Amino acid sequence: MLHLAQAHWQAIRAHAERTYPQECCGLLLGRTTSTGDETIRTVAELWAAENAWNAEAAALISDLLNHPQMSHSKGDRYWIDPAEMLAAMKHGRDRQLDIIGVYHSHPDHPAMPSECDRAIAWPHYSYIIVSVSQGSAQDLLSWNLDQNHCFQAEALIFP
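Numbering of residues begins from 1 in every chain and follows the order in which that chain's sequence is written. Reporting in this predicted model follows two pLDDT cut-offs: at least 70 for local features of residues, and 80 or more for side-chain atom pairs to be given and counted; totals over whole chains, interfaces and linings ignore these cut-offs and use all residues. Excluded from the side-chain calculations are hydrogens and water; all other atoms, namely the structure's heavy atoms, are used.

Engineer: Talk me through the side chain of His 8; I want residue IDs and the actual numbers.
Structural biologist: Residue placement: His 8 occurs in helix H1 (residues 6-19). Residues contacting His 8, with those up to four places away along its chain left out, are Val 43, Ala 44, Glu 45 and Leu 46. Labels follow the DSSP assignment, with helices taken as runs of H or I lasting at least four residues and strands as runs of E lasting at least two, numbered in each case from the N terminus. Only heavy atoms enter the contact rule, under which two residues are in contact if any of them lie within 4.5 Å.

Okay, structure coming up:
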């Protein structure tokens, strides 16, 4: 379950619309708690990242997927530079926050994870995808990986 304030949804929406027709991306900073069988992630801050998709990222993904990538661009792929991930981790640590997830947009496509999204996903993170149709943010869905490394829909709570 992911708790996300309306202000965070509005910020993700604005980021996605601003970067359209390219994919936007960013990190979710917050806290994770467990109660019995349920994991609850609560977003405290967003870290808007630059989409750093390039030939090097394409080569890494090609290796992960174990097949050559067709031509892709920032219009259908995103990549967060590891240096930016480290900066976000340090920022979070100073505020007693962890990276608890990632958000990105799907320009003119549904808010459903792609095979590429699954390949680069990490366990224990929430993955928000926002669909953007003709420059206007639409659906916002959250996903996480199950024990078989497959995405499952995650409840999204707006407290």
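Engineer: Summarise the nonpolar core; cite the residues concerned and give the values.
Structural biologist: We call a set of buried residues a nonpolar core when its members are Ala, Val, Leu, Ile, Met, Phe, Trp, Tyr or Cys and they connect through side-chain atoms within 4.5 Å of each other. Exposure classes here rest on a 1.4 Å probe applied to the protein chains alone. A residue is buried below 20% of its type maximum, exposed above 50%, and partly exposed in between. Residues Leu 27, Tyr 78, Trp 79, Ile 80, Ile 99, Val 102 and Tyr 127 are the most contacted members of the largest nonpolar core, which totals 27 residues. For this core, the elements supplying multiple residues, two or more each, are strand S2 (25-35), strand S3 (38-49), helix H2 (55-65), helix H3 (82-94), strand S4 (98-107), helix H4 (115-120), strand S5 (126-133) and strand S6 (136-145). Top element by residues in this core is S2. It accounts for three residues. In this structure, Ile 99 is in contact with Leu 27, Leu 28, Leu 29, Met 85, Ala 88, Met 89 and Tyr 125, ignoring residues within four places of it in sequence. The next biggest cluster of nonpolar side chains, apart from the first, holds 16 residues, and it includes Leu 4, Ile 12, Ala 16 and Ile 128.

Engineer: How would you sum up the packing of aromatic side chains? Please name residues and give values.
Structural biologist: Two aromatic rings, drawn from Phe, Tyr or Trp (for Trp, its six-membered ring), form a pair once their centres lie within 6.5 Å of each other, and the interplanar angle then sorts them: stacked below 30 degrees, edge-to-face above 60, tilted otherwise. A full pass over the atoms with the stated rule returns three aromatic pairs. Consider the rings of Tyr 125 and Tyr 127, whose centres lie 6.3 Å apart with planes at 45 degrees: the pair is tilted. Ring geometry for Tyr 127 against Phe 151: centres 5.6 Å apart, planes inclined by 80 degrees, an arrangement best described as edge-to-face. Linking Tyr 127 in strand S5 with Phe 151 in strand S7 (residues 151-154), this pair joins segments that are 24 residues apart in sequence. When its relative accessible area of 4% is taken as the criterion, Tyr 127 is described as buried. Each residue in the set Trp 122, Tyr 125, Tyr 127 and Phe 151 is aromatic and connected to the rest through ring pairs, giving one cluster.

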